[in-house]
Amino acid sequence: MKYFLYLLVGNFLLVLISCESRQATEPVRPNILFIFSDDHATHAIKAYGPKANNPELVDFLQTPNLDRIANEGVLFTNAFCTNSICGPSRAVILTGKHSHFNGMLNNDTTFNAAQQTFPKLLQRSGYQTAWIGKWHLLSDPTGFDHWSVLTRGNGQGSYYNPIFTEAAGQQEETGYTATLITDKAIDFLEKQTGKDKPFFLAYSHKTPHREWVPAPEEYDLYKDVDLPLPSNFYDEYENRTSATREQEMEIAADMNERDLKLIYPDYMNEEQLAKFEAAYGPENEAFREANLSGKELTEWKYQRYLKDYLRSVASMDKEIGRVLDYLEESGLAENTIVIYSSDQGFYLGDHGWYDKRWMYEESLRMPLLVKWPGVTPAGERVAHLVQNLDFAQTILEMAESPIPGDMQGRSLVPLLQNPEGVKSWREYIYYHYYAYPDWHMVRQHYGIRTDRYKLIHYYTIDEWEFFDLKNDPNEMKSQYGDPEYQELVNSMKEQLQEARIHYGDTVNLQPTSKYHR
Ligand code: CA
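The notes below deal with the structure included here. In this text the structure is predicted, and so the values were computed from the model without any measurement.

Quick notes on the rules
Residues numbered from 1 in each chain as written. Predicted model: local features only at pLDDT ≥ 70, side-chain atom pairs only at ≥ 80, totals over all residues. Heavy atoms only, no water. Donors = N, O, S within 2.8 Å, 3.2 Å for Na, K, Ca; no water. Helix = DSSP H or I, 4+ residues; strand = E, 2+ residues; numbered from the N terminus. Buried < 20%, exposed > 50% of the residue type's maximum accessible area, 1.4 Å probe, protein only. Pairing = 2+ DSSP bridges. Axes fitted to C-alpha atoms, helices over the stretch in contact; angles between N-to-C directions. Salt bridge = Lys/Arg side-chain N within 4 Å of Asp/Glu carboxyl O. Polar contact = N/O pair within 3.5 Å; in protein donor to acceptor, adjacent residues only side chain to side chain. Contact = heavy atoms within 4.5 Å. Phe/Tyr/Trp six-rings, centres within 6.5 Å; stacked < 30°, edge-to-face > 60°.

**Considering the coordination of the calcium ion**
So, step 1. Around the calcium ion, the protein contributes the donor atoms Asp38 (OD), Asp39 (OD), Cys86 (SG), Asp343 (OD), Asp343 (OD) and Gln344 (OE1), which lie 2.2 to 2.7 Å from the metal centre.
So, step 2. Between the donor residues of the calcium ion, the gaps in sequence give the motif D-D-x46-C-x256-D-Q. Residue aspartate 38 is located in the loop between β1 (31–37) and α2 (64–72), and its partner glutamine 344 is located in the loop between β9 (336–342) and α11 (361–364); the two are separated by 306 residues in the primary sequence. The pair formed by aspartate 38 and glutamine 344 is uniform in burial state, with each residue classed as buried.

As structure tokens, this is what we get:
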């Protein structure tokens, strides 16, 4: 009896202790800051390190704040989009579904805002949700307690003096857009301290989308240096399909005067224009006098383009630094997951190009950095094949919210917790690009990529490409017809069909005749 009492009292104490300890360590669901940008290539982030076709470029990059996220968290070396164009990538992220299921195949489609998205589910599970900055889906944001999004140019926004649309109406504001977006993000964060609800904030930049306009502080960055040229800058588009020869995205042939700042950016006021003129005017004058041609002209365009692109990235990085600093100073950092990504990659003179769209590495690859205090190991690099398709499920799991069965990705949480422990993962990623005819005239194509090989079908012209990325990381020669690879090509064709069935993609299966384009 005495023993039983001891046991009873002991158990009671145990219950008390466990109640107490649960109260003290009651897990608070984390805040999630999703920092997003537009067309930011991984080879324009220092933390990603040197790239094979232009190894010296990394020395010129100024991304200390993005590097800070990478150093304190996880950097995904193989994160890919499913459809390398702005609106569609955003729709995939919101829904966790491929373009053919979320309905947004190209930029001209209006996103069906009535459908299921992860912010709506977060909101339902008790999160305070907000989207600030570039949205670009034409329909108004849904699933957010607060939103303030760029409006001009079909949702592209402008680099200076933007118009923001909110539920309450529209307002034009004066200043550099990345700074104004950041002010709004910090303002939102300030209102979160002391609230009992966790938050999800998408802090979303227009930068570094075309036409790449930096803040005045960066106008003179790289002024007296020459940036290195990629080894395949003068690609002649041999040994691949006719699609590579047909495109209209060459720095040499397709950049316009606005891209090159020979026409000054829109929407600047007098004071802003005067600063811009002071920095760019003398160089433009010298350029016009020099009357360049051939390679000299092409390389002048490359320098002007890439400097402006990287200056814009440096301007954005500074702004991101302000938000990271605010998280630290306010104490929010402790329980806030920070994610950085961009809707897709971009060509920085690789293949002589700018823009995106292709399933080639530079535009297929997305940056993905995740810092989750207490969970992610610092400075870890993860090489598993992941996609923007996975973001919705990942964020829902981070927020301990139920994941609906109709989402098509995979939560990355196990990779964030213990990448070495994840032995079984997807063997390939699936891609489908639809927007043709469209800007830059890149043919429709779909394909799969494993950790080493890539198979692409330009199905409207029934042409194929196959790359061995280990031997040919810059994708200069398709091995599609090479007998040595025949068996592998055949098995990857089977995998491609398997992928199309798995993801329920039956759009545009029939190739049209080569002779009736
Ligand atoms: Ca984009």
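Read on for the rest.
**Thoughts on the sheet that holds strand β14 (residues 445–449)**
So, step 1. The 4 strands lie next to each other as β13-β14-β15-β16, forming an open sheet whose pairing is antiparallel. Of all the strands in the sheet, just β13 (429–433) and β16 (463–468) have a single pairing partner and so form its edges. Across the sheet, the mean angle from the axis of one strand to that of its neighbour is 15 degrees, orientation sign disregarded.
So, step 2. One ladder, built from 4 bridges, connects β14 with strand β15 (residues 453–458); its direction is antiparallel. Looking across to β15, one finds that tyrosine 446 is bridged to histidine 457.

**Structural notes on the pairing of strand β5 (residues 146–150)**
So, step 1. Burial analysis of β5 places 4 of its 5 residues in the buried class, the great majority of the element.
So, step 2. Pairing geometry for strand β4 (residues 128–133) and β5, over 4 bridges, is parallel. Bridging from a neighbouring strand, isoleucine 132 pairs with serine 148 of β5.
So, step 3. Note that β5 and strand β6 (residues 163–166) share 3 bridges and pair antiparallel. Paired with valine 149 across the two strands is threonine 165, which belongs to β6.

**Looking at the pattern of salt bridges**
So, step 1. Scanning the entire structure with this criterion turns up 36 salt bridges.
So, step 2. With its nearest N and O atoms 2.7 Å apart, the salt bridge here joins glutamate 361 to lysine 454. Of this pair, glutamate 361 sits in helix α11 while lysine 454 is found in strand β15, placing the two residues 93 residues apart along the sequence.
So, step 3. Overall, the relative accessible area of 8% leaves glutamate 361 in the buried class.
So, step 4. For arginine 500, the salt bridge identified is with aspartate 505, shortest N-O distance 3.3 Å.
So, step 5. Here aspartate 505 falls in the buried class, since its relative accessible area comes to 1%.

**Side note on the side chain of glutamine 272**
So, step 1. You can see glutamine 272 is positioned in helix α9 (residues 270–290).
So, step 2. Separated by 2.8 Å, the side chain of glutamine 272 and the backbone nitrogen of asparagine 269 make a polar contact.
So, step 3. The residues contacting glutamine 272, other than those within four sequence positions of it, are Tyr160, Asn161, Thr174, Gly175 and Tyr267.

**A look at the packing of aromatic side chains**
So, step 1. Counted according to the given criterion, the structure contains 35 aromatic pairs.
So, step 2. Geometrically, the ring pair formed by phenylalanine 233 and tyrosine 302 is edge-to-face, given 5.0 Å between the ring centres and 65 degrees between the ring planes. Of this pair, phenylalanine 233 sits in the loop between β8 (199–204) and α7 (242–246) while tyrosine 302 sits in helix α10 (residues 294–330), placing them 69 residues apart in sequence. Tyrosine 302 shares its class with phenylalanine 233; the two are buried.
So, step 3. Taken together, a centroid distance of 5.2 Å and an interplanar angle of 90 degrees make the contact between tyrosine 347 and tryptophan 353 edge-to-face.
So, step 4. The buried category is assigned to tryptophan 353, whose relative accessible area is 0%.

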